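This is what each chain is made of:
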Amino acid sequence: MARPHKERRVEQLPPVTHYKPAGVPLRDLEEVTLTIEEMEAIRLADIEQLDQGTAAASMDVSRPTFHRIVNSAHQKIAAALWGGHALRVDGGTFRIAHRRTMLRHFVCHTCGHNWTLPHGNGQRCHDLLCPACQASTVSHNDE
């Protein structure tokens, strides 16, 4: 009996999950399925152009396992392109990597209050009010 696959670390889910030849309805096409971790291996090897050791570490797998994943992905993509099949990205054994939250530091020029907010929270510096005095004289103070 085969051992269950260890979850592979994936930075983010792919933005597009279906590819198909132009002008042919999806229902009329045979589909080839690429797993999420195969798509991640393609991203790391072919887009980020990482060496296999670095890419393997990023996915939390051994170098030989990464090699098998990326080879499987390349074969599936080639078969889909050559055979005129649709390519679907779905499934697999993976976990989404947790990114460290970067903090931005702010200072109020009216009362001198300092505070932090997560970077990328959607608020712009010129829209912020000081939580201590409600003044709008706020700037970021990232060193």
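## Regarding the packing of helix H1 (residues 36-47) against helix H2 (residues 52-59)
Axis separation between H1 and H2 bottoms out at 10 Å; the angle between their running directions is 140 degrees. Judged on the interaxial angle alone, H2 and H1 are oblique. Every pair of crossing elements has a handedness; the one defined by H1 and H2 is right-handed. Every residue of H2 that contacts H1 at Glu37, Glu40, Ala41 and Leu44 is listed here: Ala55, Ser58 and Met59. Looking at side-chain class alone, the contact of H1 with H2 contains four nonpolar, one polar and two charged residues.

## Looking at the confidence of the model for the protein
For the protein, the mean per-residue pLDDT works out to 87, and 87% of the residues sit at or above 70. Ranking the elements of the protein by mean pLDDT puts strand S7 (residues 114-118) last, at 76, and helix H3 (residues 63-83) first, at 97.

So, how was this worked out
- Residues numbered from 1 in each chain as written.
- Predicted model: local features only at pLDDT ≥ 70, side-chain atom pairs only at ≥ 80, totals over all residues.
- Heavy atoms only, no water.
- Axes fitted to C-alpha atoms, helices over the stretch in contact; angles between N-to-C directions.
- Helix = DSSP H or I, 4+ residues; strand = E, 2+ residues; numbered from the N terminus.
- Parallel < 35°, antiparallel > 145°, perpendicular 65-115°, else oblique.
- Left-handed = near helix turned anticlockwise from the far one by under 90°.
- Contact = heavy atoms within 4.5 Å.
- Nonpolar A, V, L, I, M, F, W, Y, C, P; charged D, E, K, R; others polar.
- pLDDT = per-residue confidence, 0-100.

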